[in-house]
Amino acid sequence: MALWNNELSKTFIVAEIGQNHQGSLCTAKQMIKAAKECGADCVKFQRSNLTEKFTASALARPYAGPNSWGNTYGEHKAWLEFSIAQYRELQRFARENDITFTASAMDAASFRELEEQLNVPFIKIGSGDADNVPLLRYAANRTVPLIISTGMQDWSHICTIYGMFRHRKDVGLLHCVSSYPTPAEDTMLQMIPLFRSHFPALTVGYSGHELGIQLSVASVGLGARIVERHFTLDKSWKGTDHQASLNPVEFARMVRCIRALETKISTGTESLIEQLRSILDVKEFNERELHVALKQVDVQDRKLLDSERPCSDKLGKSLIYANNVSAGTILTESDIGIKVSEPKGLSPRLYDAVVGRMVKYDACKDNPILEQHF
């Protein structure tokens, strides 16, 4: 049984440490302990196999700037990546502090490592892989519970995801907008009841990237059973995720407000806005923001938003050649990979459409697959 199904009246709250640990095992442990003290049910990291997630050109591109940990993007990412042995140490530390430990699988190799070597209780598939067709198919046929975020995806593809996983009773599907931080008008919290009505076989939740706690608390009033927020010890630290993360004071407040709202939902008849007004501090409650975030939406509103384009451009994946191929080659599944590519190639959603097509030109391994190649 998935952890979020253990207590049906209790929201499963995930503190996403991600790579906010700055590449420090000591800091990561401090964050695990702080998340437990804040009342989080789970701490989540991000596991990447860099050569499986990125093409060689993407890793080699210069990456200078205030948030960089290296001269190239590959050096930067390598600085922030823990080994399996270090993950085991963090896993033991989390167990000693009585909090669930897991990670997002940022590529297929990492998914297998998390499942087979770390034996985590569930695996997260982030928005960057929500259109990674072969990874989704592989995950759908495993037994490990899953949480899938839907940032940057349109409604049609989210329905495709649901079709892959509707046979499972241990999968969470999170409404998510991949914008850091997300403007209130783009949070579209009414997607949560839409998810619940259209995808009844899965547990619906919310992965928030907005500033503050109000909208994440509100998501519970709309039916979110899982809430995930990025977590940091200091928002001034180096890294692009810290601004949209919650510090320990904020995270602890969010947990307390969610627990209070759960009680009100079960016993009260007030409107959601009135419930939030009575729970949140004056400085946390913003009725104008709530009205904007709670605006009515329809399925066609879930599309790639303008605010998500920077994330899509930076971390969206592409179809790439997994092998060197010669002109006249009929592509098989073994010839096609999915990675963050520089430059970008065709969308991973076109995976099935590319299998079986003949390439007109020689192409090198790790290069993006483009429509003009056929």
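So, here is what we can say about the structure in this document. What you are looking at is a predicted structure, and each value in this text was computed from that prediction instead of being measured. Every chain is numbered on its own, with residues counted from 1 as its sequence reads. Given that this is a predicted model, residues contribute local features only at a pLDDT of at least 70 and side-chain atom pairs are listed and counted only at 80 or more, while totals for whole chains, interfaces and linings are drawn from all residues. Processing note: side-chain calculations cover all non-hydrogen atoms of the structure and skip hydrogens and water entirely.

Here a strand is any run of E in DSSP of at least two residues, a helix any run of H or I of at least four, and the numbering for each starts at the N terminus. Check the secondary structure of the protein chain and you find 16 helices and 10 strands. It is over C-alpha atoms that the radius of gyration is taken, and the globule rule equals 2.2 Å times the number of residues to the power 0.38. In summary, the protein chain has a C-alpha radius of gyration of 21 Å against a globular reference of 21 Å for 374 residues, a match within 12%. Here the protein chain holds 374 residues, and the buried ones make up 57% of them. Should any heavy atoms of two residues lie within 4.5 Å, those residues are counted as being in contact. A fraction of 69% describes how many contacts in the protein chain between residues 6 or more apart in sequence connect residues 24 or more apart. Surface summary for the protein chain: the accessible area is close to 15400 Å², and the carbon and sulfur share equals 50%. Residues scored as charged are limited to Lys and Arg (positive) and Asp and Glu (negative), so that His and the chain ends carry no count. Just so you know, the charge point we use is NZ for Lys, CZ for Arg, CG for Asp and CD for Glu. Seen as two clouds, the 43 positive and the 44 negative side-chain charges of the protein chain have centres 2 Å apart. The buried label goes to any residue with under 20% of its type's maximum accessible area, the exposed label to any with over 50%, and the partly exposed label to all in between, with areas taken from a 1.4 Å probe on protein chains only. Only the protein chains shown count as cover for residues, with accessible areas throughout obtained via the Shrake-Rupley method and a probe of 1.4 Å.

Moving on, we get to the packing of helix α8 (residues 155–165) against helix α10 (residues 191–198). It is the contact of α8 with α10, at a shortest axis distance of 12 Å, that shows an interaxial angle of 40°. Between α8 and α10, the interaxial angle falls into the category oblique. Where α8 crosses over α10, the handedness of that crossing is right-handed. Contact residues: Trp155, Ile158 and Tyr162 in α8; Met191, Leu194, Phe195 and His198 in α10. Each residue receives one of three labels: charged for Asp, Glu, Lys and Arg, nonpolar for Ala, Val, Leu, Ile, Met, Phe, Trp, Tyr, Cys and Pro, and polar for the others, Gly being one of them. Grouping the amino acids of the contact of α8 with α10 by side-chain chemistry returns 6 nonpolar, 1 polar and no charged. Every axis in this analysis is a line fitted to C-alpha atoms, fitted for helices over the stretch in contact. Angles between the N-to-C directions lie between 0 and 180 degrees. Any angle from 65 to 115 degrees is called roughly perpendicular, while one under 35 is roughly parallel, one over 145 is roughly antiparallel, and all others are oblique. Crossing handedness is defined as follows: a turn of the near helix away from the far one that is anticlockwise and smaller than a right angle gives a left-handed crossing, while the clockwise case is right-handed.

A pocket here means an open set of points on a 1 Å grid, computed over the protein atoms alone, that has protein on both sides within 12 Å along at least five of seven lines. A cavity is instead a set of points where a 1.4 Å probe fits but cannot get out; residues with an atom within 4 Å of a point line either one. Grid points are joined across faces, edges and corners, and a volume is the space filled by probe spheres set on the points. For the largest pocket, the calculated volume is near 850 Å³. As for the largest pocket, its lining consists of 43 residues, of which Tyr180, Thr240, Asp241, Cys311 and Leu315 are closest to the centre. When residues of the lining of the largest pocket are traced back to their parent elements, those giving at least two are β2 (42–47), α4 (73–80), β3 (100–105), β8 (226–230) and α15 (309–315). In terms of residue class, the lining of the largest pocket is made up of 12 nonpolar, 20 polar and 11 charged. The space that makes up the second largest pocket amounts to roughly 430 Å³. Along the walls of the second largest pocket sit 22 residues, with Glu52, Ala108, Ile336, Gly337 and Ile338 positioned nearest its centre. No other element matches the 4 residues that strand β10 (residues 336–339) contributes to the lining of the second largest pocket. Across the lining of the second largest pocket, the residue classes break down as 11 nonpolar, 3 polar and 8 charged.

Two numbers describe a pair of aromatic rings. These are the distance of the centres and the angle of the planes. Any two rings among Phe, Tyr and Trp, with Trp reduced to its six-membered ring, count as a pair given centres within 6.5 Å; such a pair is stacked if its planes are under 30 degrees apart, edge-to-face if over 60, and tilted if neither. A complete count under the given rule lists 16 aromatic pairs for this structure. For the ring pair phenylalanine 12 and phenylalanine 122, a centre distance of 6.0 Å and an interplane angle of 75° mean the geometry is edge-to-face. Residue phenylalanine 12 is located in strand β1 (residues 12–18), and its partner phenylalanine 122 is located in the loop between α6 (108–117) and β4 (123–125); the two are separated by 110 residues in the primary sequence. A residue is classified by how much of its surface remains accessible, and phenylalanine 122, at 1% relative accessible area, is buried. Placement of a positive charge over a ring is assigned whenever Lys NZ or Arg CZ falls within 6 Å of the ring centre and within 35 degrees of the normal to the ring plane. The ring of tryptophan 69 has lysine 238 lying over it, and the distance from NZ or CZ to the ring centre is 4.1 Å.

What follows covers the environment of serine 179. Tracing the backbone through its elements, the reader meets serine 179 in the loop between β6 (171–176) and α9 (184–187). Taking the relative accessible area as the measure of exposure, serine 179 reaches 6% and is therefore buried. Taking C-alpha positions, serine 179 is 13 Å from glycine 126, a pair spaced 53 residues apart along the chain. With residues up to four places along the chain from it excluded, the contact list for serine 179 reads His209, Ser307 and Glu308. Of the polar contacts made by the side chain of serine 179, one reaches the backbone oxygen of proline 181; its length is 3.2 Å. N or O atoms closer than or at 3.5 Å make up a polar contact, with two conditions inside protein: a donor-capable atom paired with an acceptor-capable one, and, for residues adjacent in sequence, both atoms drawn from side chains.

What follows covers the sheet that holds β4. Around the barrel, which closes on itself, the 8 strands sit in the order β1-β2-β3-β4-β5-β6-β7-β8 with parallel pairing between neighbours. Across the sheet, the mean angle from the axis of one strand to that of its neighbour is 30°, orientation sign disregarded. Pairing between strands is defined by DSSP: at least two bridges between the two strands are required. With 4 bridges connecting them, β1 and β2 associate as parallel partners. Each bridged residue has a counterpart across the sheet, and for alanine 15 the counterpart in β2 is valine 43.

Right, let's get into the pairing of β1. β1 sits mainly inside the fold: 7 of its 7 residues count as buried. Where burial is concerned, the two faces of β1 agree: the one with Phe12, Val14, Glu16 and Gly18 and the one with Ile13, Ala15 and Ile17 are both buried. Call a crossover right-handed when, viewed with both strands pointing away from you, the route from the first strand across the helix to the second goes clockwise. The parallel pair β1 and β2, bridged by helix α1 (residues 25–38), forms a crossover whose chirality is right-handed.

The next subject is the nonpolar core. For soluble globular proteins, the rule of thumb is that nonpolar side chains tend to be buried together. Among the buried residues, those of types Ala, Val, Leu, Ile, Met, Phe, Trp, Tyr and Cys that are joined through side-chain atoms within 4.5 Å form a nonpolar core. The biggest cluster of nonpolar side chains holds 99 residues, and the ones touching the most others in it are Phe45, Phe165 and Phe251. Residues in contact with phenylalanine 251, not counting those within four places in the same chain, are Ile13, Val14, Ala15, Cys38, Ala40, Arg229, Phe231 and Leu246. In this structure, Ala2, Phe122, Leu174 and Ile226 belong to the second largest nonpolar core, which totals 9 residues.

Here, a disulfide means two cysteine sulfur atoms that sit within 2.5 Å of each other. Inspection of the entire model under this criterion finds 0 disulfides. Here cysteine 42 is not disulfide-linked; the sulfur of cysteine 38 is the nearest cysteine sulfur, at 14 Å. A relative accessible area of 0% means that cysteine 42 is categorised as buried.

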